[in-house]
Amino acid sequence: MNGCFVGTALEGRLRAARMTGALEICGVTTGHRVSATARMAANTSFAAVSDARATFDREGPDGRAFLAGEAHEVSLASLHGAFAEAVSSGPLPSEPEAGNGARR
C-alpha cells in the first residue's frame, strides 16, 4: 500500500510552504495507508502524528481472526515512538473558530 507521499506532490508542497512541526495524519485502514504515510513522513524528515484512524477486521495467514479494534491498536503500537506519536484529537468541533483558517 502506498502512502500519501508516493506519486504525489505532497512532499514538495510541504517543503515549499516551509512546513515545520508535525503532520497530522488521518485516514482509513490504519495498518495500510495511514501507516505507510506516517513511515514516509518520518523517512522524509517530517514528524508524524497519527490520528483519526480506522481499520477493518483482518484474517491472519493462519486463518486467525483479528477484530478491527485489535488490528487498529497493534498498528498504532507499531507506529508509536518509532515513526509517529499516536495521539487522540478528541471530539471535532462542529464549527471552525473564526479566524483560524479552518474550512469545511
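Residues numbered from 1 in each chain as written. Predicted model: local features only at pLDDT ≥ 70, side-chain atom pairs only at ≥ 80, totals over all residues. Heavy atoms only, no water.

Caption draft 1: Structural view of unusual backbone geometry. Of note in this structure, Thr29 is not a glycine but carries a positive phi near 65°. Considering the arrangement of structural elements, one finds Thr29 in the loop between β1 (22-28) and α2 (30-43). Notably, Ser45 is not glycine yet its phi reads approximately 75°, a positive angle. Assignment of secondary structure puts Ser45 in the loop between α2 and β2 (47-54). A relative accessible area of 67% means that Ser45 is categorised as exposed. (Helix = DSSP H or I, 4+ residues; strand = E, 2+ residues; numbered from the N terminus. Buried < 20%, exposed > 50% of the residue type's maximum accessible area, 1.4 Å probe, protein only.)

Caption draft 2: A look at the environment of Gly3. Structurally, the position occupied by Gly3 is in the segment before α1 (10-16). Among the residues examined, Gly3 registers a relative accessible area of 11% and is labelled buried. Along the backbone, Gly3 and Ala36 are 33 residues apart, and their C-alpha atoms lie at a distance of 4.6 Å.

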